[in-house]
Amino acid sequence: MGVTVFSPAKINLFLAVTGRRSDGFHDLVSVVAPLDFGDELEARRVPKRDGESRFSLTCTDPALAVDRTNLVLRAAEAFAAATGWAEAVEFHLHKRIPVGAGLGGGSSNGAAALRALNELSGGLARADQMTALAVGLGSDCPLFLRDGPVVMRGRGERVDDLPESALRRLRGQPVLLFKPSFGVPTVWAYARMAARGTDYVAPAEAEAKLRTWIAGEAPAAKLLLNNFEGPVFEKYVALPALLEPWRREGRTVILTGSGSACVALTSDDPVTPLIDRIRAAWGEAAFVQSACIR
C-alpha cells in the first residue's frame, strides 16, 4: 500500500523581517504562496525488519542527504512518536526544487511526509496535531499543510488564511523562477541582517502595508516586498546586477526568502527573452522554471 504526495515549492511575495527575538529566532510577517511546481514524495508501507530503522529514504538527487538530517525522516519519526503508529515505510523523493534557493523545498518535503503518513495511517493525527508536528520540524513547515497562499507571522509558526478577495488576486498568477548556480545560506542571511541592523521593518509598518493591500484591489505586483535584499544583495552582487536593470524597465522581480532564487511576475507574454537574459548573465547552470501560484 502506498501514496504519492505533491510537495510544492513556495515563494514569498511579501517578506518583512521585523526583528530578532530573545530566543535567537527572528519575527516576520510574510505572504507565502505555494506553486504548481515542486517535488513528489512516494510513501510505501513495507514489512518491518529486525535491526533496521522503520523509515528509509531514497532520492532522485544523489547530492541530497537521505539520513536522519533530512526532514522527511525527521517528520516520520515525529509522527510515529506522536501517534503511536508502528508501521514501517519506505520513502522515495522525486527532487525538482533546487537546494539553497529560498523555495522551501526541505520544509515542503517534511510536511509532505506528515501528510503521506497521515493518509497511510487512516488519519491518526488530528489537524492540530499535524500543525504542532510541522511547527516542531521548522518555521516554514506549517504553511505547507495549507492549500493556497497564507500569511505567516512570528517565526513562521502562526499561519492565517487570506480572505477570498485577496486569494483571487494571487491564485493562477504566472511566475518565472530563476536561480544562479550558487545558494544563499539562510543562517548567514539572518546573521548578516542582524549585524547590519538597518534592514528590519517595524512590525506596525509591515502590518499596515499588508492590511492596505488586503483591503484594496491592487494586483499581486503591488504586494511585493523582501527586506532580505539589503544584506543579500550586498554580498551576492550577481543578484542585483540582473534584477535592478529589470526593475528600471518596469518588470516586477523580487528575491524570494533569503535567496538565491528570484521571482518575476509574468503574464501571457513569452518568457523566452527573459530566460535568454538570465542565461546570458548567470550561465547555462542557472535554474529557470515557469510556474503558477496555486
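Refer to the structure presented above.
Note that the structure is predicted; figures quoted are calculated from it, not measured.

1. Some words on the layout of surface pockets
- Put simply, the largest pocket is a space of about 1,200 Å³.
- Surrounding the largest pocket, 44 residues form its lining, S107, D140, T186, V187 and S258 being those nearest its centre.
- Elements with a contribution of two residues or more to the lining of the largest pocket: β1 (2–20), β2 (26–46), α1 (71–83), α2 (105–120) and α5 (186–196).
- The residue makeup of the lining of the largest pocket, split by class, is 19 nonpolar, 19 polar and 6 charged.
- Of the voids in this model, the second largest pocket is the one considered here, and its volume is about 170 Å³.
- Where the lining of the second largest pocket is concerned, the elements lending two or more residues are β10 (262–265) and α9 (272–282).
- Across the lining of the second largest pocket, the residue classes break down as 6 nonpolar, 4 polar and 2 charged.

2. So, the side chain of S107
- Tracing the chain through its elements places S107 in helix α2.
- The buried category is assigned to S107, whose relative accessible area is 14%.
- Dropping the residues within four chain positions of it, S107 is found in contact with L71, D140, C141 and F144.

3. Considering the state of the cysteines
- For the structure shown, the criterion picks out 0 disulfides.
- Cysteine C141 is unpaired, with the sulfur of C59 as its nearest cysteine sulfur at 16 Å.
- For C141, a relative accessible area of 0% translates into the label buried.
- Distance from the sulfur of C292, which forms no disulfide, to the nearest cysteine sulfur (C262) is 19 Å.
- Accessibility expressed as a relative area gives 26% for C292, which makes it partly exposed.

4. Some thoughts on the nonpolar core
- Counting residues in each nonpolar core, the largest one holds 34 residues, and the members touching the most others are I11, L13, V31, L103 and L177.
- Elements supplying a minimum of two residues to this core: β1, β2, α4 (164–167), β7 (174–179), α6 (203–215), β10 and β11 (287–292).
- Not counting chain neighbours up to four residues away, the residues in contact with I11 comprise V31, V32, A33, L35, L103, V175, L177, T256, V263 and I293.
- Listed in part, the 32 residues of the second largest apolar core include L28, V159, C262 and L274.

The rules we used
Residues numbered from 1 in each chain as written. Predicted model: local features only at pLDDT ≥ 70, side-chain atom pairs only at ≥ 80, totals over all residues. Heavy atoms only, no water. 1 Å grid on protein atoms, 1.4 Å probe; cavity = no way out; pocket = protein on both sides within 12 Å on 5 of 7 lines; lining within 4 Å. Points joined across faces, edges and corners; volume = space filled by probe spheres on them. Helix = DSSP H or I, 4+ residues; strand = E, 2+ residues; numbered from the N terminus. Nonpolar A, V, L, I, M, F, W, Y, C, P; charged D, E, K, R; others polar. Buried < 20%, exposed > 50% of the residue type's maximum accessible area, 1.4 Å probe, protein only. Contact = heavy atoms within 4.5 Å. Disulfide = S-S within 2.5 Å. Core = buried A, V, L, I, M, F, W, Y, C linked by side-chain atoms within 4.5 Å.

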